Amino acid sequence: MLMLDGAGATTFLGFDFVRLHAMLNDLPAALLLAAVVFEALYIFTKKDGLRYASFWTLMAGILGAGAATWAGLQAEGAIEHGTAIHEIMERHERLAFITVGVFAVVAAWRLWRERKMSMGERQIALVMTLVGTGLLYTTGKLGGQLVFDHAAGIPLEVMEREMKNRAAGHEHAPGEEHEHPETAPDTAQAGGIDSSAGDHDHAPGTPEHKH
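Please read these numbers as outputs of a predicted model, since none were measured by experiment.

How each quantity is defined
- Counting restarts for each chain: residues are numbered from 1 in the order of the written sequence.
- This being a predicted model, a pLDDT of at least 70 is required before a residue's local features are given, and a value of 80 or more before pairs of side-chain atoms are given or counted; all residues contribute to the totals for chains, interfaces and linings.
- Water and hydrogen atoms play no part in the side-chain values, which are based on all heavy atoms of the structure.
- Orientation is described by axes fitted as lines to C-alpha atoms, over the contacting stretch for helices, and by angles from 0 to 180 degrees between their N-to-C directions.
- Comment: elements are numbered from the N terminus, with helices defined as DSSP H or I runs of at least four residues and strands as E runs of at least two.
- If an angle is under 35 degrees, it is roughly parallel; if it is over 145, roughly antiparallel; if it lies from 65 to 115, roughly perpendicular; otherwise it is oblique.
- Here is the rule for handedness: rotate from the far helix to the near one, and if that takes an anticlockwise turn smaller than a right angle the crossing is left-handed, while a clockwise turn gives right-handed.
- Amino acid classes used here: Ala, Val, Leu, Ile, Met, Phe, Trp, Tyr, Cys and Pro are nonpolar; Asp, Glu, Lys and Arg are charged; the rest, including Gly, are polar.
- Grouping buried Ala, Val, Leu, Ile, Met, Phe, Trp, Tyr and Cys residues that are joined through side-chain atoms within 4.5 Å yields what is termed a nonpolar core.
- Any residue under 20% of the maximum accessible area for its type is buried, any over 50% is exposed, and the rest in between are partly exposed; the area is computed with a 1.4 Å probe on protein chains only.
- The contact criterion used throughout is that any non-hydrogen atoms of two residues lie within 4.5 Å.
- A helix is expected to reach a length of 1.5 Å times the quantity of its residues less one.
- As used here, the arc is the angular range of directions from the helix axis to the C-beta atoms.

1. Considerations on the packing of helix α2 (residues 26-45) against helix α3 (residues 48-76)
Thought 1: The geometry of α2 relative to α3 is characterised by a closest axis approach of 7 Å and an angle of 155 degrees between their N-to-C directions. The pairing of α2 with α3 is recorded here as roughly antiparallel in orientation. The handedness of the crossing between α2 and α3 is left-handed.
Thought 2: Here the residues of the contact of α2 with α3 sort into 16 nonpolar, five polar and three charged.

2. Some points on the nonpolar core
Nonpolar side chains tend to gather and get buried jointly when the protein is soluble and globular.
Thought 1: Within the largest apolar cluster, 17 residues are counted, with the highest numbers of intra-cluster contacts made by Leu32, Leu58, Met59, Phe103, Ala107 and Ala125.
Thought 2: Where this core is concerned, the elements lending two or more residues are α2, α3, α4 (83-113) and α5 (119-149).
Thought 3: Per element, the largest residue contribution to this core is five residues, and it comes from α3.
Thought 4: Other than its neighbours up to four places away in sequence, Phe103 contacts Leu32, Val36, Leu58, Ile62, Thr129, Gly132 and Thr133.
Thought 5: Counting ten residues, the second largest nonpolar core, distinct from the first, contains Ile88, Met89, Val102 and Leu146.

3. So, α2
Thought 1: Taking 1.5 Å per residue, 20 residues should reach 28 Å; α2 reaches 28 Å between its end C-alpha atoms and fits that length.
Thought 2: Of all the residues in α2, the buried ones are Pro28, Leu32, Ala35, Val36, Glu39, Tyr42 and Ile43. Summarising the axial view, the buried residues of α2 lie within an arc of 130 degrees, below the 170-degree limit, and thus occupy one face. In α2, those exposed residues whose orientation departs by more than 90 degrees from the buried face are Asp26 and Phe44.
Thought 3: Tucked inside the fold, the buried residues of α2 contact α1 (17-24), α3, α4 and α5.
Thought 4: A positive backbone phi angle near 65 degrees is found at Lys46, which sits one or two residues after α2.

4. Things to note about the environment of Ala65
Thought 1: Assignment of secondary structure puts Ala65 in helix α3.
Thought 2: Through-space distance from the C-alpha of Ala65 to that of Ala29 is 8.2 Å; in sequence the pair is 36 residues apart.
Thought 3: Here Ala65 is in contact with Pro28, Leu32 and Val100, once residues within four sequence places are set aside.

That's the geometry; what it means functionally is another story.
Shown next, in the form of structure tokens:
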């Protein structure tokens, strides 16, 4: 159900569109890639089970791609962003439309011709889906840049709170293992520790030297 929450942000079925878009992104990424793999295997093996798997994962994938794109368009106006995010978002959106378009053409072609397609037609359709897979990868990469490089979709107050939280550090529970950056040798010396002190073994053939 589409509704407005108290802050005025549009939601759907209890999810805000930013989170809904993130959830739906997995559908086209997994299903469309699986459809390409199944179709390629069918062309090489001629096993009908692989053709059926390719057909139905393609149909499910294009529906998932449409849903993810729709949620992304709704999320676009709901997130705080500046010029850098806006430019990447525009490229992400254009590529999403092109990607959906390529797979939609193949899906419509197969709906119409699935039982009559020659092997040559299938090979052309496979090439088109391989191109679509490259576009899908680039679209997802831009989406990752939005989130991981520019924190798109994360409200400013949440980022400020998280920055303070990270700056405060944390304590480890007893026995908890945690890796920290190794201390440089000159750092230890700066703290009054002689890194050359104490016994140590020399590798075979090491020339004699004084400490």
